[in-house]
Amino acid sequence: MAILVTGAAGYIGSHAVQRLLANGKRVVGLDNMERGNAGAVAALRELGGGAFAFEEGDTTDRLGLERLMRDHEVSAVLHFAALSLVGESVERPLDYHRNNSLVGLLEAVRECRVPRLVFSSTCAVYGQPPTTPVTEDAPFAPVSPYGLSKLHGEQVLIDFLEARKQAKSKFAFAALRYFNVAGCDRTGVLGEDHVPHSHIIPIVLEVALGKRERVTIFGEDYPTPDGTCVRDYIHVEDLVDAHLRVLDALGNGERRVYNLGIGRGYSVKEVVESCRRVTGHAIPADIGPRRAGDPPALFADPGKVQRELRWSAEITELDAIIESAWKWMKANPNGYSV
Ligand code: UDP
């Protein structure tokens, strides 16, 4: 029996594999290596020994998935694999809808009778929510093909669950709506290595590394306390911890949906300040125009997962989150590629 982690060579997927292995689980990782890191797979092989298997493959390849699920007796799927860049999704919507489709994966789940699946969803399903903090019943209003592809994923899962119930199957799933995932494994083994970096914390840290001269803050005229956008940064270790808790809690036939955030927002200026404190580098910053589609403030109401599963994030100080990212970037200035 093994847990299938799709996107296992990616930032969040690799951290999930690490945690599962630490908890004594057997894991089979899958990644098409379009964005995955071979260095992360190598690190996981070292950590996991015989408890970790890895295959290169695509989650849209139904027959390949069925073979893998049977070979490894897969008992649950953590489905992280996806294209996940909002801006890119606007330019390449069809790639996002094809690649992020759950149809092939769920056909394989049905054929192989895999009983549980946890789906990586996103707060992008809410678009620009009318109020913050954001609860799970906020209206769906994705503003990008990425957000829409994830909302479709959730809705396909709901239809699939109903059909599985009719067939007397025990299938259950959770959709976890991530806010801004940040930080790295605090032991320093795994990191965040996107080429090019797409998120604010690694971008700002690249200035401290000397790989970028300055950072541009996208707008300071938002209706927020310091005029810059506010986001909820959840540490990747907390995020994967929540997945394990949810997976354990999923009862037969259940559907669970949770926001995953810390429930507190930090502004872009606070992120830059924290990076300055953590790195000791001056980090020059300019103010630029707003970036299209950025909601002014987005942070989670984490009450539902707290109440139902007694789970909440432990690493909630921005400096601690950024310290963990900095530790890995400083030790691996060229990312996983040596
Ligand atoms: N941001 C910025 N400069 C950058 C990159 C991002 O000011 O070079 C801002 C962005 O406008 C947003 C916040 O940082 O308000 C977080 O952006 P990120 O792309 O990390 O995540 P998002 O919230 O878009 O998912």
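As a reminder, the structure under discussion sits directly above these lines.
Just so it is clear, the structure is predicted and the values come from calculations on it, not from any experiment.

Student: I tried to follow the overall build of the protein chain on my own but got confused; where do I start?
Tutor: Looking only at helices and strands, the protein chain features twelve helices and 14 strands. Here the C-alpha atoms of the protein chain give a radius of gyration of 19 Å, agreeing with the 20 Å that 2.2 N^0.38 yields for 338 residues. Along the first, second and third principal axes, the C-alpha set of the protein chain runs to 60 × 45 × 40 Å. When burial is assessed residue by residue, the protein chain has 54% of its 338 residues classed as buried. Put simply, 80% of the contacts in the protein chain that link residues at least 6 apart link residues at least 24 apart. Carbon and sulfur atoms make up 49% of the accessible area of the protein chain, which totals about 14700 Å². One way to put it: in the protein chain the 38 positive side-chain charges average out to a point 5 Å from where the 44 negative ones average out.

Student: What exactly am I supposed to notice about helix α12 (residues 318-331) here?
Tutor: Residue pairs three or four apart in sequence face the same way in an α-helix, which turns once every 3.6 residues. Between its first and last C-alpha, α12 extends 20 Å over 14 residues, near the 20 Å set by a 1.5 Å rise per residue. For α12, the set of buried residues is Leu318, Ile321, Ile322, Ser324, Ala325, Trp326, Trp328 and Met329. Looking at the buried side of α12, the elements it contacts are β7 (180-182), α8 (200-209), β10 (233-235), β12 (266-267) and α10 (268-279).

Student: Honestly, α8 in this entry has me stumped. Any pointers?
Tutor: Across the ten residues that make up α8, a large majority, eight, are buried. Listed in full, the buried residues belonging to α8 are Ile201, Pro202, Ile203, Val204, Leu205, Glu206, Val207 and Ala208. After α8 finishes, the residue Gly210 shows a positive phi value of roughly 85 degrees.

Student: What should I look at first to understand the site of the ligand in this one?
Tutor: Taken together, 14 residues form the shell around the ligand, and within it Ile200, Thr216, Arg231, Arg291 and Asp294 come nearest. At 2.7 Å, a backbone N or O of Thr216 approaches a nitrogen atom of the ligand. Between an oxygen atom of the ligand and a main-chain N or O atom of Phe218, the distance comes to 2.9 Å. About the coverage of the ligand: the protein hides 87% of its 520 Å² of free accessible area. Secondary structure elements with two or more residues in the shell around the ligand: α8 and β8 (215-218). Among the elements that make up the shell around the ligand, the one with the highest residue count is β8 (three residues).

Student: Just checking my understanding: could you explain the sheet that holds strand β5 (residues 116-122) for this structure?
Tutor: By definition, the strands of a sheet pair up through backbone hydrogen bonds, in either a parallel or an antiparallel sense. Strand order in the open sheet made by the seven strands is β3-β2-β1-β4-β5-β6-β11, with parallel pairing throughout. The sheet is open, and its two edges are formed by β3 (52-56) and β11 (255-260), each paired on a single side. Ignoring strand direction, the axes of neighbouring strands in this sheet form an average angle of 15 degrees. As defined by bridge partners, strand β2 (residues 27-31) adjoins β3 across five bridges and the pair is classed as parallel. Paired with Val28 across the bridge in β3 is Ala53. Along the sheet, helix α1 (residues 11-22) contacts β1 (2-6), β2, β3, β4 (74-79) and β6 (172-178); its crossing angle with β1, the most-contacted strand, is approximately 165 degrees.

Student: When you look at unusual backbone geometry in this model, what are you seeing that I'm missing?
Tutor: Negative phi characterises most residues that are not glycine, and trans characterises most peptide bonds. Along the chain, Thr132 connects to Pro133 via a cis peptide bond; the corresponding omega equals -10 degrees. Here the residue pair Val195 and Pro196 is connected by a cis peptide bond, since its omega of -10 degrees sits within 30 degrees of zero. Inspection of the secondary structure puts Pro196 in the loop between β7 and α8. With a phi angle near 45 degrees, Glu73 is a residue other than glycine that sits in the positive phi range. One can find Glu73 in the loop between α3 (62-71) and β4. Taking the relative accessible area as the measure of exposure, Glu73 reaches 49% and is therefore partly exposed. A positive phi angle is found at Arg310, which is not glycine, with a value near 50 degrees. Mapped onto the fold, Arg310 is located in the loop between α11 (303-309) and α12.

Student: Sorry if this is basic, but what is going on with the packing of aromatic side chains here?
Tutor: The geometry of two aromatic rings is summed up by the distance between their centres and the angle between their planes. In this structure the tally under the stated criterion is four aromatic pairs. Summarising the aromatic geometry, the rings of Tyr96 and Tyr146 are spaced 6.5 Å apart at their centres and angled 85 degrees between planes, so their arrangement reads as edge-to-face. In this pair, Tyr96 sits in helix α5 (residues 93-99) while Tyr146 sits in helix α7 (residues 145-166), placing the two residues 50 residues apart along the sequence. Residue Tyr96 is classed as buried on the basis of its relative accessible area, which comes to 0%. The class of Tyr146 is buried, set by a relative accessible area of 10%. With a centroid separation of 4.9 Å and an interplanar angle of 80 degrees, the aromatic rings of Phe160 and Phe171 are classed as edge-to-face.

Student: Help me out: how do you make sense of the sheet that holds strand β14 (residues 297-298) in this one?
Tutor: An order of β12-β9-β14 is seen for the three strands of this open sheet, with the pairing classed as mixed. Both edges of this open sheet fall to β12 and β14, since each of them pairs with a single strand only.

Student: When you look at the nonpolar core in this model, what are you seeing that I'm missing?
Tutor: Where a protein is soluble and globular, its nonpolar side chains tend to be buried together. Counting 72 residues, the largest nonpolar core has Val5, Ile12 and Leu78 as its most contacted members. Dropping the residues within four chain positions of it, Ile12 is found in contact with Phe80, Tyr178, Val181, Val236, Leu239 and Val240. Counting residues in hydrophobic clusters, the runner-up holds 25 residues, among them Val28, Leu106, Val114 and Phe119.

What counts and how
- Residues numbered from 1 in each chain as written.
- Predicted model: local features only at pLDDT ≥ 70, side-chain atom pairs only at ≥ 80, totals over all residues.
- Heavy atoms only, no water.
- Helix = DSSP H or I, 4+ residues; strand = E, 2+ residues; numbered from the N terminus.
- Rg over C-alpha atoms; globule rule 2.2 N^0.38 Å.
- Buried < 20%, exposed > 50% of the residue type's maximum accessible area, 1.4 Å probe, protein only.
- Contact = heavy atoms within 4.5 Å.
- Areas by Shrake-Rupley, 256 points an atom, 1.4 Å probe, with all protein chains shown as cover.
- Lys, Arg positive; Asp, Glu negative; His and termini not counted.
- Charge placed at Lys NZ, Arg CZ, Asp CG, Glu CD.
- Expected span 1.5 Å × (residues − 1).
- Near = heavy atom within 4 Å.
- Polar contact = N/O pair within 3.5 Å; in protein donor to acceptor, adjacent residues only side chain to side chain.
- Pairing = 2+ DSSP bridges.
- Axes fitted to C-alpha atoms, helices over the stretch in contact; angles between N-to-C directions.
- Phe/Tyr/Trp six-rings, centres within 6.5 Å; stacked < 30°, edge-to-face > 60°.
- Core = buried A, V, L, I, M, F, W, Y, C linked by side-chain atoms within 4.5 Å.

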